[in-house]
Amino acid sequence: MRFSRGGRLWLLIAALALCLGLCSPTAVAKGDLTVLVNRQAVNAWADDEGLVYVELEGFCQAADGQAHVSERGDVVTVRLSDRSITAQVGKQYFSADGVYYFCGVAGAVRSRYGKCYVPLEPLAELFSASVEEGDCKITVRTAEQGQSLTTTGAQDGEGELYWLSRIISAEARGESLNGKIAVGNVVMNRVASELFPDTVYGVIFDTLYGVQFSPVANGSVYDEPTEESVLAARLVLDGAEVTGEALYFENEAIAASSWVSRNREELFVLGNHTFYA
């Protein structure tokens, strides 16, 4: 079972809440939960939004008997038999051997009772795990030993990371990490659309209907990107998604043209940008 990143397991939580009176909807929607990982109980909890978190150390030990945990300040490293996972409390992502896993728009690596917790969804993806509900518990079955786990990160085809990080930096330098990811998502949505070129470079420098991005016109796309912009580009290329199907964005305060706002469907506002379908 493969989840789309950034989701919040709404259907799973709703199903758990209807468990024949064995647990109340309030307890399931928020608070401590029981997650069984390969039949071993692992501490977990759900936040106000229904996002399920699991204890990183407990999950990894249940999934891989050779897991070894070390901590240095707020950075937790779990060394498994075939990889290492690194998570830093407060960050919206964790990584495994260069592959970045996004915790979601409102998610992050958390500390609870002195233990490191991460959202269940991306961690299950990392372990190629199946997730199902029943008896007011969440049951996780990780890939069996010898099976392939999620290991492939973004491939920098045709300089994707190079150019994506630069357009993100030029367009969203002052935005939050979510705002930077959103700009990257629009670029990648265009790459996937038949209406636009099929490469990151092609999308950024598309001039079929005029210059698409102002940093191309003013030259700022060539500037060295900020560190967080590079991170945002890596997260986008590794699957982080916050915009849905948005194909356009506009900073109305500085936009040279109002064509987008007059002709496209508005979806949402994030930071200084309005996003459109």
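Thresholds applied
Residues numbered from 1 in each chain as written. Predicted model: local features only at pLDDT ≥ 70, side-chain atom pairs only at ≥ 80, totals over all residues. Heavy atoms only, no water. Helix = DSSP H or I, 4+ residues; strand = E, 2+ residues; numbered from the N terminus. Buried < 20%, exposed > 50% of the residue type's maximum accessible area, 1.4 Å probe, protein only. Contact = heavy atoms within 4.5 Å. Core = buried A, V, L, I, M, F, W, Y, C linked by side-chain atoms within 4.5 Å. Pairing = 2+ DSSP bridges. Salt bridge = Lys/Arg side-chain N within 4 Å of Asp/Glu carboxyl O. Axes fitted to C-alpha atoms, helices over the stretch in contact; angles between N-to-C directions. Phe/Tyr/Trp six-rings, centres within 6.5 Å; stacked < 30°, edge-to-face > 60°. Lys NZ or Arg CZ within 6 Å of the ring centre and 35° of its normal.

> Which parts of the structure should I look at to understand the overall build of the protein?
Scanning the protein from N- to C-terminus turns up 10 helices and 15 strands. Counting all 277 residues of the protein, 50% fall into the buried class. Relative to all contacts within the protein whose residues are 6 or more apart in sequence, the contacts with residues 24 or more apart total 55%.

> Looking at this model, I keep getting lost on the nonpolar core. Mind explaining?
A general trend in soluble globular proteins is that nonpolar side chains are found buried together. Ranked by size, the top nonpolar core spans 39 residues in total, and within it Leu164, Ile167, Ile181, Ile204 and Leu235 carry the most contacts. Counting residues per element, the ones that place at least two in this core are β8 (99–102), α5 (160–172), α6 (177–192), α7 (200–204), α9 (227–237), β13 (248–250) and β15 (273–276). Counting residues per element, this core draws most heavily on α6, at seven residues. Ile167 has contacts with Val183, Val187, Ile204, Phe213, Pro215 and Val221, leaving out every residue within four places of it along the chain. Among the nonpolar cores identified, the runner-up in size contains 36 residues, and Val76, Cys116, Val118 and Leu120 belong to it.

> Can you help me understand the pairing of strand β7 (residues 93–96) in this one?
Side-chain positions along a regular strand alternate between the two faces of the sheet. Of the two faces of β7, the one holding Tyr93 and Ser95 and the one holding Phe94 and Ala96 are both buried throughout. Strand direction decides the pairing type here: strand β6 (residues 84–88) and β7, joined by three bridges, are antiparallel. By the bridge assignment for β7, Thr86 is matched with Ser95. From the end of β6 to the start of β7, which pair antiparallel, there are four residues, and Gly90 there has a positive phi angle of about 95°. Judged from the four bridges that link them, β7 and β8 form a sheet pairing that is antiparallel. Bridge pairing in β8 links Phe94 to Tyr101.

> What exactly am I supposed to notice about the pattern of salt bridges here?
When the charged atoms of two side chains with opposite charge come close together, those side chains can pair. Counted under the stated rule, the structure contains six salt bridges. Among the ionic pairs, Arg141 bridges to Glu132, the shortest N-O distance being 3.0 Å. Relative accessible area serves as the criterion here: at 44%, Arg141 is assigned to the partly exposed category. By relative accessible area, Glu132 is classed as partly exposed at 39%.

> I would appreciate a short explanation of the sheet that holds strand β14 (residues 266–270) in the present structure.
The pairing of strands in a sheet happens through backbone hydrogen bonds and is either parallel or antiparallel. Strand order in the open sheet formed by three strands is β13-β15-β14, with antiparallel pairing between adjacent strands. Whereas interior strands pair on both sides, the edge strands pair on one side only; in this sheet they are β13 and β14. Across the sheet, the axes of successive neighbouring strands diverge by a mean angle of 25°, strand direction being ignored. With four bridges connecting them, β14 and β15 associate as antiparallel partners. In the strand pairing of β15, Phe268 is matched with Phe275.

> Honestly, the sheet that holds β8 in this entry has me stumped. Any pointers?
Strand order in the open sheet made by the five strands is β4-β5-β6-β7-β8, with antiparallel pairing throughout. Every other strand in the sheet has two partners, leaving β4 (68–72) and β8 as the edge strands with one partner each. Shown here is a sheet whose adjacent strand axes are inclined to one another by a mean of 20°, direction ignored. Where β4 meets strand β5 (residues 75–79), five bridges bridge the pair, whose relative direction is antiparallel.

> Before we go on, may I ask you to explain the packing of aromatic side chains in this structure?
When we look at a pair of aromatic rings, we describe it by the centre distance and by the angle of the planes. As enumerated under the stated definition, the model contains 15 aromatic pairs in all. Note on Trp45 and Tyr53: the rings are 4.8 Å apart at their centroids and 10° apart in plane angle, and the pair reads as stacked. Aromatic side chains Phe205 and Tyr222 sit 6.2 Å apart centroid to centroid with 40° between the ring planes, which places their arrangement in the tilted category. Linking Phe205 in the loop between α7 and α8 (214–218) with Tyr222 in the loop between α8 and α9, this pair joins segments that are 17 residues apart in sequence. Grouping aromatic residues by their ring pairs yields a cluster made of Tyr162, Trp163, Tyr201, Phe205 and Tyr222. Above the ring of Tyr162, the side-chain terminus of Arg166 is found at 3.6 Å from the ring centroid. The lysine or arginine in question, Arg190, covers the ring of Tyr248, its NZ or CZ lying 4.9 Å from the ring centre.

Functional significance is not addressed by these values, which are geometric in nature.
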